[in-house]
Amino acid sequence: MQFAFTDEQAMIAETAAGFFAEHATSARTRAAMADNGVDASLWQAFTQELGLGGVNLPEAHGGAGLGMVEMAIVAEAAGAHIAALPLLAGCALAAPGILAGGTDEQRRAWLPRIASGEVIATFAGLDLLAPHGGVADLFVVDTGSAMLIVRRDHPATQVTTLATMDATRPYGRLRFDPTAAEPLADPEAARAAIRRIGAIAIAADALGGAQSCLDRTVRYAGERVQFGRTIGSFQAVKHRLADMMVAIEQARSAVYWAACAQDEAASDADLAAHAAKAFATDTYARCAGDMIQLHGGIGFTWEHDAHLFFRRAQADRTLLGTPDWHREQVARLIGLDLAA
Amino acid sequence: MQFAFTDEQAMIAETAAGFFAEHATSARTRAAMADNGVDASLWQAFTQELGLGGVNLPEAHGGAGLGMVEMAIVAEAAGAHIAALPLLAGCALAAPGILAGGTDEQRRAWLPRIASGEVIATFAGLDLLAPHGGVADLFVVDTGSAMLIVRRDHPATQVTTLATMDATRPYGRLRFDPTAAEPLADPEAARAAIRRIGAIAIAADALGGAQSCLDRTVRYAGERVQFGRTIGSFQAVKHRLADMMVAIEQARSAVYWAACAQDEAASDADLAAHAAKAFATDTYARCAGDMIQLHGGIGFTWEHDAHLFFRRAQADRTLLGTPDWHREQVARLIGLDLAA
Amino acid sequence: MKLGFDPDEEAFRAEAAAWLEAELTGPFADLRGITSLTAMPDRRRDWERRLGEAGWSCVGWPTAFGGRGATLGQQVLFAEEYARAGAPPRLNHIGVELAGPTILAFGTDAQKQHFLPPIAAGEAIWCQGYSEPNAGSDLANVRTRAWRDGDAWVIEGQKVWTSLAQFSDWIFVVARTQEGSRGPKGLSFLLVPVDQPGVTVRPIHQITGEAEFNETFFDGARTPADHILGAPGAGWEVAMALLGFERGVSTLAQQMGFRNELDAVIAAARANGAARDPLIRQRIAQAEIGLRLMRYGALRMLSGDPGPAAMTYKIQWATWRRDLGALAMTVLGVAGEVADAEQATSAQLAHLFLYSRADTIYGGTNQIQRNLIAERALGLPREPRGDLS
Amino acid sequence: MKLGFDPDEEAFRAEAAAWLEAELTGPFADLRGITSLTAMPDRRRDWERRLGEAGWSCVGWPTAFGGRGATLGQQVLFAEEYARAGAPPRLNHIGVELAGPTILAFGTDAQKQHFLPPIAAGEAIWCQGYSEPNAGSDLANVRTRAWRDGDAWVIEGQKVWTSLAQFSDWIFVVARTQEGSRGPKGLSFLLVPVDQPGVTVRPIHQITGEAEFNETFFDGARTPADHILGAPGAGWEVAMALLGFERGVSTLAQQMGFRNELDAVIAAARANGAARDPLIRQRIAQAEIGLRLMRYGALRMLSGDPGPAAMTYKIQWATWRRDLGALAMTVLGVAGEVADAEQATSAQLAHLFLYSRADTIYGGTNQIQRNLIAERALGLPREPRGDLS
C-alpha cells in the first residue's frame, strides 16, 4: 500500500502540466472554440511530440502501455488548462471501448491510429450526441444493445455540429446507417470500459479544472483591492476559498482511488468510478461558480476565462450521467435495495 | 390588501411576547422538562388570566373568536421561549379537529373545557404517538379512516409516556379500545383542519424559535471575545448571522401568508400551509444548529439553552410530516403530475 | 392582515388588463413575450411612449408629473398585470424606478418639472453611473471627478456596468467634486446627457456573449450647473437612497418575470419526464416556495413598516434565480447544453443558467449584502477599512 | 500508486485479527461493541493493560518503549482490524495517539524512558489541558500560570473540555510560565499528575446529558521540574506539533467507528423502508462517498508528502459526522425522537445527532479550520488580532 505517485508518475504529471501550461493558452483555446473545438496543433503536439495519445493503451497497439492513474494524471493536466482537444472522446471513451470489446482485428485497425492522432475517435450514446463529434473520423456508438463502430467517411454518416455551451468540447449529432456499421465483438465489455474509464477521466478533468479555479481565484484575491484591502483579507472570501480546497482535496482522493481501483481491478472499482464522477464534477461546478462570484463583475465578462471553466464544469457534470445518477448507482452498489 | 398586523394584532403580539418572556423562563421550562413536559402554572395563567386557550375558537365555544393569524402570533411567542405547554396539542390540533369535524354536541362538550384549560387535549395519528400525550385528558385519533375522540379516563385507555428528545413536548404512546371511542361526524373535515392548522402553528412555533436563536446568538457574538475581538466582528460569524436573518424573514412571510390564506379561505391555503411548515421548520433547525456552532463549547453544554431550541426544532420538523414530505405536497399541488 | 384585494382594486386591475391586452394583441403584438433586456430597443422605446401617452408609464407618480396617482394596491396589481400580459421589459426601467423616485425625493420643484414628465412620457431613457473599475463592491471609492466650469459641471472618469447605456438619453453619475476627499464624502450626484462628445459608451461582452452592460467614459463631458441632485458633496446620501427604491413595487414586476422562468423550467420538466424525479420535484417545490415567499416578503415591505427585513430581499432573489438556473440545467441534462432548432426553451434556460451568475454580483454582491444585513440590521461591528489605495 | 496490501502485510493483518478475535470472544467479550467513550472505564483500563502486555497497544512505536515497530501499512491494517473486531474505544487514546508521539518527538531520552513504557503498558492514562474558558478558539490566550518553586512547577488556573480527565493519571498542561507574556509566547508544556490535592476535576454535562468532558482546576498543583517538554517558554511549538499527531493512523480507527455509525443508519433505513426513498438514497450515497474519501485522504496523508492537504481533514470528518446525525434523524422520523425499549438503534442514532454537533466545535471549530486552511495552505492574509483583553 502506497497511495502516492511513483517517481515515474510524478514525472508524467510534471511533463503534462508543463506541456499544457505552455501550449493550451487562453488565446489558443478561444481560437479553437470559435472554430471546431479542437486546437489541431495542440493535438498534434500531444499525440506526436509528447506521444501520449495512447497513454493508457498497450504498447502493442501503439500506446504508452501505462494505466488509468497515468491517464488521470494527463486528463487532470488538460482540465487544468481547459485544453481544447479530443482527449476524452478518443482516449477515455472510444479507444477503451474498442480495446475492451473489439476483435483483434478491430483493435489493430484503429487503436494505433487513434494513439498517433491520425484518427479522431469519439463515442455516442442513445441520444446520438458525441463530444467532438464534428471533427471525429470514427464513432463508437451504443445502441442500447449493440456497440457499433461507425466511420465518418461512410456516405450514410452525417454529423451536425451543435452550438454547445462548452465550446471546447462541442457535441455533434450523429446520423448513420446501422447496417453499414461494424459491431464490436463484446458490447458489454466495451460498454463497461467506456462507462468506467470515461467517468474517471471526466472526474480527473474536473479535478484539474477545479484546482485551476481555486489557484486563479486565490491569485486574484491577493491582488484585487476593495475597501482599501485585498479581498483575500476578508474572512468571507478566505473561508469560501478554504471550502473549495477542502472539496478539491476530497475530489483528488476520489479520482486517484478510482484510477488505482481500476488499474488493480479492485472489487470496488465501479463504486469508486461512480463516486469520483459524482464528487469531482460537483466540486468543479461549485468551484467554477465560486470563481465567478469571487471575481465579481470581471468574472462575468466574456474576456475573462472564468466562464470557460464554468461551461466545462457543466459539461463534465452531465456527460455520462449526472452526479445524482452516479450517486444512485452508489446507493445500489452498497446494497440499499437488499431486504432488511 | 394590507399585509401587516392590524393594531389589535400588534397588541396581541406584544401581550403574548411579554407574557412568555415573564413566565416561560429557562428555569421553569427545565423544571417542566424534568417532570411531565407541562409548566402547569404557565398553562393556567395562559388559559385563565390571558384567556388565550381558545384564541382561534369561536366565542360561542368559549374561545376568543379570533383567527389563524392571532393563533400564529401566540404560537410564535410561545416558540420564542420554548414554552412547555400543550398549546399546539390542544389549540392547533385537537380543538380545530373537533370544531371542523365534530357534532354540535361534541363541540359543546369539549371546546369550552379545552379553551379554559380544564381539559388537556391532543392528537395522535396512525403511529399513536401524541404530543403531550402523557398529560392529556382527551385524544383526537386519526385511524386512517375514522377520526375518534378517546377519553383518558376510559378504563381501556393506556398511555405510556416516552422519554422524548424534545422534553418540552413529550410524546405519549396511546393504547385504547376503538369500540369505546366516539367518532367525529366529519372525519375528512377534521383531518384537513388538523393538518392545515397544525402545520401553520408548528411553523409559527419554529419562526419564534428561530428568531430567538438569532437574537440570542447576536447578543453572545457581541459579548464573547476571542483573539482580542468580539466574535461578532469576524465576517464568518456576521455572514452566518445574516443568513439566519434572511431565512427567518422568509419564514415570517411564509407563516403569515399561510395564516392569512387560512383565515381568508384562499385557494392556495393548502399550498401555503405546506410551504410554511417546510420552510419554517427547516429554518429553525438550521438556526438552532448555528446557534450551537456560534456559541462554541458553551453552546454544547446542558446548562445552556441552545439545546432546548435544537431539540424543539427537530420535533417541529417531524411532527405532522417532514419538510421533504411537505415539499412533495407542494410539487403535487402545483401540477407536476399533470401531463406535459 | 389581509391578502385579498378590494372590489375597487379589482376594477383597476380589470382596466389595466384590458388596456394591456388590447395593445399587446394590437399595435404592440410584436413585443409580447420578449424577455431580453436588449432586444428590439427601438420598438420598446415606442412602447415607453405609448405607456406614457395612456398614463400607464409611472402609475404611482403624482398626476402632476405624468403619473396616475395609483394607490399601493393598484400599483401592485398593475405590476402583476403588466407581467401577466407578457409585456416587454421596460427599456426605461432605471428612469421609471430609480431616477424618477430619486428626483421626486431629492429634486427641487424646478428639477421635478424638468426631468419627471419626459420620463413618464417615455421621452427620456436613463441609465446609472455608479460602479467603476476600482469601485465595484466598494461603491464609495469613486475616482470619476467633476468640477465647476462657469455654469456647467465638467466630468472626467470612467464608469462600468452601465446597463443599457447604449439606449439611454441620460445617465446619473456619482462623481467626486471635492478634491482630495475620500470615501463617501465629497461626492455629488449629477444628471448628465449621454449624447455629447465627452461621453463614450463601449459595450462589455458578458459570459452569455451578449453586451447588455457597458463601460462609459467621461472625457470633458458637461452638464448644466443645476443638474445636480442634493447639495454638492452630498451625493452619497442621494446615491444610497436610490438603492432603497430598488425594493419598491418594481420587485413584483421582476417576480412575474421569475414566474415565467420557473414556469419554463416546470414545463421542461413535465415535457421530458424530469417532473417525475423525486429529487427534481423537491427542488422545483423549493423554487416555487421561494418565489411565493419573495412575493409575500415584498407585500410585507410595501404594506408598512418592514424595518430592516427589507435588506434581505436582494440576496433572496439573486440566490433564488441562480439556483433556478442550476435547476434548469439539471432538468434538461445534456440537451440543455446544445442549441437545437426544436428547443427554444433550452436556449432560454441555458441563458438563464449563465446570466443568473451575475445576479449575486451586481447591485451589491451576496457578500456585501450579508455585511449590510449584519451591520445595519443586526448591529454587528463594521468591517475595518484597509489602507491600500 | 498502489492500494492493495502485500502478502506480508496481509499476514500481519491475520495475526492481529486472530488475537483480537480470541480476546474479544474470550476474557474481554464484555467490551465487544462498546462505542461510548465513557462506558465501563475500569474494564477498559484492564483492556489497555492487556493490549500492552501482548504488544498491541502502540504498534507503531519502537520496541524499546513497548511498541511493536510496525510499518505504516501494518499500522493501517491494525487500526482497521481493531475496529472491525468491535474492540472498544481506547481509554488511553490521548496517551497513545497524542501524548506519546509528542514525547517521542520532543522528549529527552530520560523523559522517553520515564513516560512511554507506562503508556504502552496501559498503566498511565492521559488527558489534555489546552482549552480555557477564555481560550476556546483562541488557544494561545492561556491564563493558567505556572512557576518554579524549588525542584517543582506550581500550577494555578483552569482548563476546560478536558475529555476523560476523570479516568486519567496524567494531564499535559499548556501554562504561562513567563509573567506578562501574551499569546503564544511564554508558554510551557507541562506533564502533571492528576491524582494530587491541587487538581480538581468537575464534570460538564453536555447536551446529550452525559458528562464526558470536564473542567479541571489547578490550585497549587505541583509537578517535578523536569516534567516539561521542550524548553520553558517554548510550549506553543510543542502544543501545535501535538495537534498534527491527531491526523495520524488513529484517523483510520476513528473512521471505522464512523463506518459503524453509517452502517447503523443504513440498517435503520432498510428496516423502515426509508432506503427506498430517492432523497434518502442520495444522502446515504453521499455519506458513503464521503466516508470512502476520508479513508483515501488519510492514506494519501500517511503515504507520503500530503502537503497542506492534511489540514482539510478535521473539517471534513466533523462536517461529515454532523451531516450523518441529521441524516439519521431524517431516516428515523418521529420514531428517532422517542426512547423505546424495542429500538436500541434509535437511541444510538439520536445520541449521534446530538453529540455530533460538538464535532464541528472542539479541536478547532470549522471556522478556525477554514482560517487555518486559508492562511497556511492558501497563503491568504491572517485575521488581525483585536485589542480587547
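Residues numbered from 1 in each chain as written. Chains lettered and ligands numbered in written order. Predicted model: local features only at pLDDT ≥ 70, side-chain atom pairs only at ≥ 80, totals over all residues. Heavy atoms only, no water.

(A) Focus on the sheet that holds strand β5 (residues 158-161) of chain A. All names here are of chain A. Strand order in the open sheet formed by three strands is β2-β6-β5, with antiparallel pairing between adjacent strands. The sheet terminates laterally at β2 (129-131) and β5, the two strands that pair on one side only. Between one strand axis and the next, the sheet turns through 35 degrees on average, direction left out of account. For β5 and strand β6 (residues 171-175), the ladder comprises four bridges, and the chain directions are antiparallel. (Pairing = 2+ DSSP bridges. Helix = DSSP H or I, 4+ residues; strand = E, 2+ residues; numbered from the N terminus. Axes fitted to C-alpha atoms, helices over the stretch in contact; angles between N-to-C directions.)

(B) Structural view of helix α10 (residues 306-318) of chain A. All names here are of chain A. Taking 1.5 Å per residue, 13 residues should reach 18 Å; α10 reaches 19 Å between its end C-alpha atoms and fits that length. Extensive coverage of α10 is indicated by the burial of 13 of its 13 residues. Of the residues one or two after α10, L320 is the one with positive phi, at around 65 degrees. (Expected span 1.5 Å × (residues − 1). Buried < 20%, exposed > 50% of the residue type's maximum accessible area, 1.4 Å probe, protein only.)

(C) The arrangement of the interface of chain A and chain C in detail. Each side of the interface is counted separately: chain A has 38 residues, and chain C has 44 residues. Of the roughly 3300 Å² buried between chain A and chain C, counting both surfaces, carbon and sulfur atoms make up 61%. Ranking the residues of chain A by area buried against chain C places F227, Q293 and F300 of chain A at the top, with a combined share of 23%. A salt bridge links R229 of chain A to E383 of chain C; the shortest N-O distance between them is 3.6 Å. At the boundary of chain A and chain C, one finds 19 residue pairs in polar contact (both at pLDDT 80 or more). Elements represented by at least two residues in the side of chain A that touches chain C include exactly β6, β8 (225-226), β9 (229-230), α8 (235-263), α9 (269-295) and α10 of chain A. (Contact = heavy atoms within 4.5 Å. Buried area = accessible area lost by both parts, 1.4 Å probe. Salt bridge = Lys/Arg side-chain N within 4 Å of Asp/Glu carboxyl O. Polar contact = N/O pair within 3.5 Å; in protein donor to acceptor, adjacent residues only side chain to side chain.)

(D) Quick look at the packing of helix α3 (residues 72-84) of chain C against helix α8 (residues 278-303) of chain C. Residue and element names in this part refer to chain C. α8 packs onto α3 with a crossing angle of 150 degrees between their chain directions and a minimal axis gap of 11 Å. Viewed along their axes, α3 and α8 adopt a mutual orientation that is roughly antiparallel. Crossing geometry of α3 relative to α8 is assigned as right-handed. Where α3 abuts α8, its residues L72, V76 and E80 lie against R295, L299, L302 and S303. Across the contact of α3 with α8, the residue classes break down as four nonpolar, one polar and two charged. (Parallel < 35°, antiparallel > 145°, perpendicular 65-115°, else oblique. Left-handed = near helix turned anticlockwise from the far one by under 90°. Nonpolar A, V, L, I, M, F, W, Y, C, P; charged D, E, K, R; others polar.)

(E) Local environment of the pattern of salt bridges. Summed over the entire model, instances satisfying the criterion amount to 106 salt bridges over all chains. Two residues, R216 of chain A and D305 of chain A, come together in a salt bridge whose shortest N-O distance is 3.3 Å. Separated by 89 residues along the polypeptide, R216 of chain A in helix α7 (residues 187-223) and D305 of chain A in the loop between α9 and α10 bring together distant segments of the chain. The partner of D205 of chain B in a salt bridge is R312 of chain B, and the shortest N-O contact between them spans 2.7 Å. Here D205 of chain B is found in helix α7 (residues 187-223), whereas its partner R312 of chain B is found in helix α10 (residues 306-318), with 107 residues between them in sequence. The class of D205 of chain B is buried, set by a relative accessible area of 5%. The exposure class assigned to R312 of chain B is buried, which follows from its relative accessible area of 4%. What emerges from the salt-bridge pattern is a single network uniting E10, R13, E80, E81, R84 and R295 of chain C.

(F) The arrangement of the packing of helix α1 (residues 7-25) of chain D against helix α3 (residues 72-84) of chain D in detail. Residues and elements named next belong to chain D. Here α1 crosses α3 at 30 degrees, and the two axes come no closer than 9 Å. In terms of axis orientation, α1 runs roughly parallel to α3. Crossing of α1 over α3 shows right-handed handedness. Two secondary-structure elements touch here, α1 through E9, E10, F12, R13, A16, A17 and L20 and α3 through G73, Q74, L77, F78, E80, E81, Y82 and R84. Residue classes in the contact of α1 with α3 are distributed as seven nonpolar, two polar and six charged.

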